[in-house]
Structures are given as structure tokens and as C-alpha cells.
Amino acid sequence: MIKRVARTTANLLLWIAAAIGVSCGALWLANLAGLVQPLVVISGSMEPAIMTGDLLFATRAPATEVAPGEVVTLPSTQTGKLVTHRVVSVTEVDGGHEIVMKGDANEYEDGEIYRVPTGETVARPHHPGCRQDRDGDGHSRRGDPAAGGAGRADGPQPAARRPRTRGRRAGA
């Protein structure tokens, strides 16, 4: 009986590992094909919606589809790095679009206007804790009951992160 349970458990774990391997392979192929771009967050400018160290997967979207309130990733001409912030405004100009962005945790808009030439695409990151705000007021709706209850309407929230404490916890 114990051998049978052990064999069944081992087979189940093997199938789970195989499914994870196939998923990783599919993501790798999608990245090679340019369909998905992995991004690691290195600052807290989008907290609490997107935390430092989070892994995002970005897909490409035409700049014409970008609307205020959405989160996009664009290259900065000032720093040469990718910036993932919420769109404040999109203006159509000769030769493309000008996009103004702001991090949710930042007091002010970015000091740069991001220019996207006509026909170019932007990276649209996907993260389970960051809801795309379609009403355009520029605020994260994570956990807002008026925006779908206790979190995202289209999926579960990640587990809440506990603040780091030193020493023993109260009551322990």
C-alpha cells in the first residue's frame, strides 16, 4: 500500500514537473519569437501595484491602442533603460505618439516625454497584482471594492507581503 501511494505521488510530481518544463519552454520560444518579453522590476516606483523584484511578462501592442491609465514599458532616451509606468496622456503628433507616464508611487510625472514613432509598438506588461486602469484616472484599482471587489476582476491577487521585522513578533 505504501509503495503504491509513493509511486502515485512520484508520478504526480513528475507530471507537474513536466508541465512546468513545457510551460517554461513555451515562454522561451515565445521570447525568441518576440511575442513575450520578460522584465524584472528594479525600483519601487510602481508600488504597491508592482513590487521591486517582481517578474513581468510584456507583450507588444500598437501605440495607437495605448490609453491613459494603462501600464506600459518604454525605453528612456535619458537613461537608456526600460521604464514601466502608468500612462498619464497620449498625444498624436506628426510621426507618431508622445506618451507622458508616471509611477504610482511617484509624486510627479516622469521628466521625459516618451516618443513612439508611427508603426512602432509598446510593451504592455502583465502582472497578476497590477490591474490595467481603463477609466483613465491614473490610479491603481488593486483592492478597490468599486472596481471589482477585493482585487482584480480577472484573477486572484498575489499573497500579501508581510513587512520585515527584527527580533520576535509581538505576541510570540
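Residues numbered from 1 in each chain as written. Predicted model: local features only at pLDDT ≥ 70, side-chain atom pairs only at ≥ 80, totals over all residues. Heavy atoms only, no water.

Attention now moves to the overall build of the protein chain. The helix and strand inventory of the protein chain stands at one helix and seven strands. In the protein chain, the order of α-helices and β-strands from amino to carboxyl end is α-β-β-β-β-β-β-β. Contacts spanning at least 24 positions in sequence make up 48% of the contacts within the protein chain whose residues lie at least 6 apart. Working note: accessible area of the protein chain is about 11,600 Å², and carbon and sulfur atoms make up 59% of it. (Helix = DSSP H or I, 4+ residues; strand = E, 2+ residues; numbered from the N terminus. Contact = heavy atoms within 4.5 Å. Areas by Shrake-Rupley, 256 points an atom, 1.4 Å probe, with all protein chains shown as cover.)

Summary: where empty space remains is shown by rolling a probe the size of a single water molecule over the atoms. Put simply, the largest pocket is a space of about 410 Å³. Forming the walls of the largest pocket are 21 residues, and the residues nearest its centre are Ile 42, Ser 43, Leu 82, Val 83 and Thr 84. Those elements that provide at least two residues to the lining of the largest pocket are strand 1 (37-40) and strand 4 (82-93). Grouping the amino acids of the lining of the largest pocket by side-chain chemistry returns nine nonpolar, nine polar and three charged. (1 Å grid on protein atoms, 1.4 Å probe; cavity = no way out; pocket = protein on both sides within 12 Å on 5 of 7 lines; lining within 4 Å. Points joined across faces, edges and corners; volume = space filled by probe spheres on them. Nonpolar A, V, L, I, M, F, W, Y, C, P; charged D, E, K, R; others polar.)

So, about the confidence of the model for the protein chain. Confidence in the prediction of the protein chain, expressed as mean pLDDT, is 77, and 74% of residues score 70 or more. For the protein chain, per-element mean pLDDT is lowest for strand 1, which scores 86, and highest for strand 5 (residues 96-102), which scores 94. The low-confidence segment residues 133-172, where pLDDT is below 50, has 49 contacts with residues more than four positions distant or belonging to other chains. (pLDDT = per-residue confidence, 0-100.)

With that settled, consider the environment of Glu 65. Along the polypeptide, Glu 65 turns up in the loop between strand 2 (55-62) and strand 3 (71-75). Given the relative accessible area of 46%, Glu 65 is considered partly exposed. Look past the residues within four positions of Glu 65 in its chain and what remains in contact with it is Glu 70 and Arg 124. (Buried < 20%, exposed > 50% of the residue type's maximum accessible area, 1.4 Å probe, protein only.)

The side-chain alternation of strand 6 (residues 114-117) yields one buried face, formed by Tyr 114 and Val 116, and one unburied face, formed by Arg 115 and Pro 117. When strand 5 meets strand 6, the two strands line up antiparallel, connected through four bridges. Directly across from Ile 99, in strand 6, lies its bridge partner Tyr 114. (Pairing = 2+ DSSP bridges.)

The tendency in soluble globular proteins is for nonpolar side chains to be buried as a group. Counting residues in each nonpolar core, the largest one holds 11 residues, listed as Ala 63, Val 66, Val 72, Leu 74, Val 83, Val 87, Ile 99, Met 101, Tyr 114, Val 116 and Val 122. What Met 101 contacts, discounting residues up to four positions off in sequence, is Val 72, Leu 74, Val 83, His 85, Arg 86, Val 87, Val 88, Glu 109, Asp 110 and Tyr 114. Ranked by size, the runner-up nonpolar core spans nine residues in total, among them Leu 39, Met 46, Ala 58 and Ala 123. (Core = buried A, V, L, I, M, F, W, Y, C linked by side-chain atoms within 4.5 Å.)

Right, let's talk about the environment of Val 72 for a bit. Considering the arrangement of structural elements, one finds Val 72 in strand 3. Considering only alpha carbons, one finds Val 72 and Arg 124, 52 residues apart in sequence, at a separation of 4.7 Å. Leave out the neighbours within four places in its chain, and Val 72 touches Val 66, Val 83, Thr 84, His 85, Val 87, Met 101, Val 122, Ala 123 and Pro 125.

A separate point is the pattern of salt bridges. Enumeration according to the criterion identifies four salt bridges in this entry. A salt bridge links Glu 70 to Arg 124, with the nearest nitrogen and oxygen atoms 3.0 Å apart. Note that Glu 70 is positioned in the loop between strand 2 and strand 3 and Arg 124 in strand 7 (residues 121-126), a separation of 54 residues in sequence. Residue Asp 104 pairs with Arg 86 through a salt bridge whose shortest N-O separation is 2.9 Å. In this pair, Asp 104 sits in the loop between strand 5 and strand 6 while Arg 86 sits in strand 4, placing the two residues 18 residues apart along the sequence. The exposure class assigned to Asp 104 is partly exposed, which follows from its relative accessible area of 21%. Each of Glu 65, Glu 70 and Arg 124 takes part in one network of salt bridges that share partners. (Salt bridge = Lys/Arg side-chain N within 4 Å of Asp/Glu carboxyl O.)

What follows deals with unusual backbone geometry. A cis geometry characterises the amide bond from Glu 47 onward to Pro 48, with omega recorded as 10 degrees. With respect to the helices and strands, the residue Pro 48 is situated in the loop between strand 1 and strand 2.

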